[in-house]
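# Chain and residue survey
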Amino acid sequence: MYTSEVASLQRIAMFRDVPIAKLKLIAMAGRRVHYRPAEVVLRQGEPALMVYVIMDGQADVLRERDGKPVKVSTVGPGSLMGELGVVLDKPYLGTIIASTAVTALQIDSVTFIELLSQVPQLSMALIRELARRLMASSDHQAKVVS
Amino acid sequence: MEQNLFRYVWRHSKRDQLVVLAIILLSLPFYFASFDLPKRILNDALQGRAFTANMPLTTFLDMSLPLPEALGGKITLFRGFQVNQLQLLMGLSLIFLLLVVINGAFKYYINLSKGILGERMLRRMRFEVFSLYLRFKPEDIRAVKPAEAASIIKDEIEPIGGFTGEAFIQPAFLCMQALTALLFIMMQSFWLGLVALSVVLVQGLVIPRLRREQLRLARMRQIESRKLAGRIGEVVEIAPAIHAMGSGPYVRADLGGRLGTLYKIRADLFRRKFAVKYLNNFLAQVTPFFFYSIGGYLALSGAMNIGQLVAVIAAYRDLPPPIKELIDWDQDRADVTVKYQQIVAQFPAQLLVAERQEVKVEPPPPDAPLRIDALKLVDRRGTPILETMTAEIPRPAHVALLGPAGSGREGLARVLGRQAAEFKGTITCGGVNWRSLPDSVASRFMAYVGPDPLLFAGDLRDNIVAPLLRSPPQVFSEPADPRDRIEHARRMEALRSGNPAALATAAWLDPTVAGARDAEQLDLVIMDLLETVGLADDVYRFGLMGKLRVATDHALIERFSAARERILANLEARGLTHVVEPLDPERYNRNATISENLLFGLPLTDRFANDALGSDPYVRSILEAESLLFPLVQIGLRMAETVVEVFADLPAGHPFFERFSFIRSEDMPEFQRLIEKVEAQGSLLRLSTQEQSLLIGLAMSYVEPRHRMDVLTPAFERRALRTRRSLKEYLPSTYFADIEFYDPHRYLEAASIQDNLLFGRITYGVANAETRVREVIRRTLAELGLDRAVVKIGLSYEIGPGGKLLSSQQRASVALARGLIARPDLLVLDGALSVFGQSDARRLMGRVRSAMAGSTVIAAFGQPEDAEGFDQVLSFDGPRLVSRFDQDAVLADSPEGARSPELALAAEAPQSPPDGGV
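Residues numbered from 1 in each chain as written. Chains lettered and ligands numbered in written order. Predicted model: local features only at pLDDT ≥ 70, side-chain atom pairs only at ≥ 80, totals over all residues. Heavy atoms only, no water.

### Looking at the overall build of chain A
- A count of helices and strands for chain A gives 5 helices and 8 strands.
- Its helices and strands taken in sequence order, chain A reads α-α-β-β-β-β-β-β-α-β-β-α-α from the N to the C terminus.
- A globule of 146 residues ought to have a C-alpha radius of gyration of about 15 Å, and chain A, at 15 Å, matches this closely.
- Expressed as lengths along the three principal axes of its C-alpha atoms, the size of chain A is roughly 45 × 35 × 25 Å.
- Here chain A, with 146 residues, has 49% of them falling under the buried criterion.
- Of the contacts formed within chain A by residues at least 6 apart in sequence, a portion of 74% connects residues at least 24 apart. (Helix = DSSP H or I, 4+ residues; strand = E, 2+ residues; numbered from the N terminus. Rg over C-alpha atoms; globule rule 2.2 N^0.38 Å. Buried < 20%, exposed > 50% of the residue type's maximum accessible area, 1.4 Å probe, protein only. Contact = heavy atoms within 4.5 Å.)

Pasting the structure below:
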């Protein structure tokens, strides 16, 4: 049960150390959704109500700069999306558009927060991930300054 | 409440008690006559003393009035009849029979009056105690255990009520009966009378003394029982936490100890009670011994005739019961007096909010400022919650009270919201003093919404419109229709018991309070309000999940049935046909459960419930015939294995069980055992029928795209369709009432409105499918003018005790809607939005503030950003008001400005996450 979801979750660095039973719990709490190419998965500025894990397919990450959407990266299987908005309780910080047919695991924000508070391994994993991003951001800024 | 039970009873039932006492007095001559008559029958009729040897006839029923000679001497009223001995016997016997009837009738009336009086007093006392609870200060009512209050009102008052009917009547009646009997005995023989009197005195003096210990034990029992009720209520409330903590054995031991204490008290009580009873019976029985021996001796020696002795013995037969009952009455008196005092002690004056005379206090004008003068609030331990503060809050204005949790912001909000009564200082508004503000006036201009939404069992609408139930219907003792005697009697009885004559079902609701002309317009107001508090979508969803009754909602059913075609057309027009998988009799619906596919209908009773299908002989025989039994057991086993694996280390009662598990936490051990059994035996075939049924029940809820186990093969689907046909075709007539089969041409009463509208299942796996389909349904129903009907049905959603069937956010929204519906001039929000995330809370607050434009909002917050846009900000540091901020100052003072460089970077990071985080 939930084999493909668990495999996708295991591809995400932050979930690598989370026991399989807990990954199955995440899969059980979420639902598998399909997007057609060019379909919007989530939109910048909208309330962050869902977190997504891409299981199959590719999607573009866009951010508005000077009022225009600019593609900043492409994400694929094993990518976690929307978690910052949900954790910070802020609107989504970017837009995700399916560039191919995409299958994703969708978890609503309330469940995601509950999972974080009830499963210590998950919240630890998220803290580690955010710390990693913080360091990456600091390095990036240091490079820009130098 | 009156401290003395007898004064209380006399004050409220004087008239009735006097009437009954008069009836008792009236009954005495008849009672006396019933003693005298057997003597006459024996002496005059049987022994023939009324006849002399030469006179075979005697006068019967002659009546005369003996007057002194000066007044003319004896006046004959009736000369009577001349009768012989047999006629006299018959005449006297008939009079005896008549007296039996008359005395019985008196007894009937007196007992009935006692019962009714008692019940009336019981009703009055229960109502008064209930009203007293409502008068508790807000600080004190929170400390009352609901189960204890219920125990007092329901159980403890009951015996007091029963006694009150007898409080005056019983002793009067019994004393008079006993005195009559005693007087009669004395008139026959002074010595025998003296013997009877001595025994009565011993009973009357000794036994009550012996019963004192009984009373002490009874008092202890009452207190312990009340504590037990409180403890049970408490345990039931926190039962999930007890499971989680594993403290069940401790709680059971605690309860066992309490039950033991009650047993010990009761056993001691029995010992004492039956010892007293023994003595009582002995004294009652020893008196006839004296009568037979002394009376017999007097009769033999000629000092008294046999008729007199028989009459004395007969009269004595009637003496012990009143004495015994009198003693019992005295015991009850002492018992209920103690109980009454115990109950009165629950309501000391200092716990109660003073009863304010409903004098004409007008609500303050909406622009009158709130003047807070030397306001101070401390908790019960003397810790200050709000240190002395003086301020003026202009109105109308939106004011934020800012400070950390537990600071003065909460204290001030509570005092302003009238949730704390024990404050020092004064709050006035337009000349109205907060302390002397009656509820009826306060509720007309202000509302308070706190952190705990206090909802009651009922539907959503009842909870939202509760503040509009403030127009007490004018009810007089005379009903509108004078011929309606039952209603007249009901009203009279209510007034006699000090209860309100108006029924709760009467027209209490005043829609004008919400700014609506009538109930129709009130619906629109409620719909607006639902948008404001963010509950509109939920209520609409409840409405679509609601059901209509063919018998009562015929017109609506026709309209909804007609809407189906239009909705399906609109879905097609928006390219959403693939999002709904229709319920086709000839196709397996992958987005429906296995049971829905097998039954192709909705269970009306438990017979076709998922967990009963595997054990029902009819269903089982068909599943066996189609070779589906074994595959279903296999699916159930795989589902059970997954749940056991995922939830193995979660404690019982964990909220995840309820939300995600297919198995209830209490059933987990059973499924775990099943899995182990299958593993040990290596086969499913050895499972018993009952064990197979358990797994089949689990499998019945399986939906392929949701549970994703890839078990639905084309062969399984074909067999499921054959089962579907067989189940319907061979359904025994005794099963007809247990299921409603799907029929695309008929409105299904057992199905929700949405199911009837779509006649299909929304596809799992299509992004935002549910939202998009609901949107189409909503628009179509709005076009057809049916949206209001859906909201109305949604508002009739039962929310369960305390709103347990709602999420915490929904509960908070309902409380907010309730706070807004009466259009208050002043709305106090004290942590009312704390269950929402910060962004949701801000959006919600924005809408509430728009709805309250031109009125005053006072809201308590923890974060400075939340106070953004408020006209005034009162900032608290602990219990102290430190300053008033304008908006810029609030933002400048925000801790954001002083954060660490790491946090600042973290805050920036999401703006440009290096790996595309959103």
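### Here we look at the sheet that holds strand S6 (residues 384-393) of chain B
Residue and element names in this part refer to chain B.
- Taken together, the 4 strands give an open sheet; going across it, the order is S6-S5-S8-S9, and neighbouring strands pair in antiparallel fashion. A single partner strand is all that each edge strand has here, and the edge strands are S6 and strand S9 (432-433).
- In this sheet, strand S8 (residues 423-429) lies alongside strand S5 (residues 370-378) in antiparallel orientation, the contact comprising 6 bridges. From the neighbouring strand, Leu-370 faces S8, where its bridge partner is Cys-429.
- The strands touched by helix H12 (residues 408-416) within the sheet are S5, S6 and S8, with S6 carrying the most contacts at an inclination of about 65 degrees. (Pairing = 2+ DSSP bridges. Axes fitted to C-alpha atoms, helices over the stretch in contact; angles between N-to-C directions.)

### What about helix H5 (residues 120-145) of chain A?
All names here are of chain A.
- Between the first and last C-alpha of H5 there are 37 Å, a value that for 26 residues agrees with the 38 Å anticipated at 1.5 Å per step.
- Among all positions of H5, only Leu-122, Ala-125, Leu-126, Glu-129, Arg-133 and Ser-137 are buried.
- Against the buried residues of H5 lie helix H2 (20-29), helix H3 (83-88) and helix H4 (109-118). (Expected span 1.5 Å × (residues − 1).)

### Description of the interface of chain B and chain A
- Tallying the contact residues gives 43 residues for chain B and 52 residues for chain A.
- Taken as a group, Phe-656, Arg-708 and Val-918 of chain B account for 22% of the area that chain B buries against chain A, more than any other trio of residues on that side.
- Run the count over chain B and chain A and you get 4 salt bridges.
- Its salt-bridge partner being Arg-772 of chain B, residue Glu-39 of chain A comes within 3.9 Å of it at the nearest N-O pair.
- For the interface between chain B and chain A, the tally reads 6 residue pairs in polar contact (both at pLDDT 80 or more). (Buried area = accessible area lost by both parts, 1.4 Å probe. Salt bridge = Lys/Arg side-chain N within 4 Å of Asp/Glu carboxyl O. Polar contact = N/O pair within 3.5 Å; in protein donor to acceptor, adjacent residues only side chain to side chain.)

### Some points on the domain arrangement of chain B
- The domains assigned to chain B are domain 1 (5-64 + 77-220 + 266-350), domain 2 (370-471 + 801-906), domain 3 (477-506), domain 4 (547-583 + 745-796) and domain 5 (593-743).
- Between the C-alpha centres of domain 2 of chain B and domain 5 of chain B there is a distance of 51 Å. (Domains from an automatic or database assignment.)

### Section: the confidence of the model for chain A
- Here chain A shows a mean pLDDT of 87. Residues at 70 or above account for 100%.
- The lowest-confidence element of chain A is H5 of chain A, averaging 82 in pLDDT; the highest-confidence one is strand S7 (residues 95-98) of chain A, averaging 94. (pLDDT = per-residue confidence, 0-100.)

### What about the packing of aromatic side chains?
All names here are of chain B.
- For the structure on display, the rule yields 20 aromatic pairs over all chains.
- Both rings, one in Trp-434 and one in Phe-445, keep their centres 5.9 Å apart while their planes meet at 75 degrees; by these two values the pair is edge-to-face. Residue Trp-434 is found in the loop between S9 and helix H13 (439-445), and its partner Phe-445 is found in helix H13; the two are separated by 11 residues along the sequence.
- Look at Trp-434 and you get buried, because its relative accessible area is 3%.
- Between Tyr-618 and Tyr-735 the ring centres are 5.4 Å apart and the planes differ by 70 degrees, which places this aromatic pair in the edge-to-face class. Taken as a pair, Tyr-618 in helix H21 (residues 617-625) and Tyr-735 in the loop between helix H27 (714-729) and strand S13 (739-741) lie far apart in primary sequence, 117 residues in all. The burial state of Tyr-618 is the same as that of Tyr-735; both residues are buried.
- By the ring-pair criterion, three or more aromatic residues cluster together here, those being Phe-6, Trp-10, Phe-163, Phe-168 and Trp-329.
- In this structure, Arg-607 is placed above the aromatic ring of Tyr-735, and the distance from its NZ or CZ to the ring centre is 3.7 Å.
- The cationic tip of Arg-778 hangs over the ring face of Tyr-540; the distance from NZ or CZ to the ring centre is 4.3 Å. (Phe/Tyr/Trp six-rings, centres within 6.5 Å; stacked < 30°, edge-to-face > 60°. Lys NZ or Arg CZ within 6 Å of the ring centre and 35° of its normal.)

### Examining the pattern of salt bridges
All names here are of chain B.
- Within this structure, the stated rule accounts for 64 salt bridges over all chains.
- Salt-bridge contacts for Lys-154 lead to Asp-155; the nearest nitrogen and oxygen are separated by 2.8 Å.
- Measuring nitrogen to oxygen at the nearest pair gives 3.5 Å for the salt bridge that ties Glu-410 to Arg-409.
- Exposure remark for Arg-409: the relative accessible area of 11% places this residue in the buried category.
- Taken together, the shared-partner salt bridges connect Arg-15, Asp-16, Arg-120, Glu-493 and Arg-496 into one network.

### As for a nonpolar patch on the surface
Residue and element names in this part refer to chain B.
- On the surface, a cluster of nonpolar side chains totalling about 630 Å² of accessible area is made up of Leu-61, Met-63, Leu-65, Ile-75, Leu-77, Phe-78 and Phe-81.
- Contributions of two or more residues to the nonpolar patch are made by strand S2 (63-65) and strand S3 (75-78).
- Among the elements that take part in the nonpolar patch, S3 stands out by supplying 3 residues, more than any other.
- With respect to the helices, strands and loops of the structure, Phe-81 is situated in strand S4 (residues 81-83). (Patch = residues over 30% accessible without salt bridge, like charges linked within 9 Å, V, L, I, M, F, W, Y side chains within 5 Å. Areas by Shrake-Rupley, 256 points an atom, 1.4 Å probe, with all protein chains shown as cover.)

### Overview of the nonpolar core
- Core analysis: the biggest nonpolar cluster contains 97 residues, and Phe-15 of chain A together with Ile-594, Leu-632 and Phe-647 of chain B have the highest contact counts within it.
- When residues in this core are grouped by element, the largest group, 11 residues, is from helix H22 (residues 629-647) of chain B.
- Filtering out sequence-adjacent residues up to four positions away, Phe-647 of chain B remains in contact with Leu-25 and Met-28 of chain A together with Phe-656, Phe-657, Phe-660, Ser-661 and Met-668 of chain B.
- With 75 residues, the next largest nonpolar core counts Ala-400, Val-539, Leu-576 and Leu-758 of chain B among its residues. (Core = buried A, V, L, I, M, F, W, Y, C linked by side-chain atoms within 4.5 Å.)

### A look at the side chain of Arg-564 of chain B
Residues and elements named next belong to chain B.
- Tracing the sequence through the fold places Arg-564 in helix H18 (residues 554-573).
- Although Arg-564 lies buried, it forms no salt bridge, and the closest oppositely charged side chain, Asp-743, sits 7.4 Å away as judged by the N-O distance.
- For Arg-564, the side chain forms a polar contact with the main-chain oxygen of Pro-744, separated by 2.7 Å.
- For Arg-564, the residues in contact, after removing those within four places along its chain, are Pro-744, Arg-746, Asn-756, Leu-757 and Phe-759. (Lys, Arg positive; Asp, Glu negative; His and termini not counted.)

### Describing the side chain of Asp-60 of chain A
- In this structure, Asp-60 of chain A sits in strand S4 (residues 59-65).
- If near-sequence neighbours (up to four positions away) are discounted, Asp-60 of chain A is found in contact with Lys-71, Ser-73, Thr-74, Thr-95, Ile-96, Ile-97 and Ser-99 of chain A.

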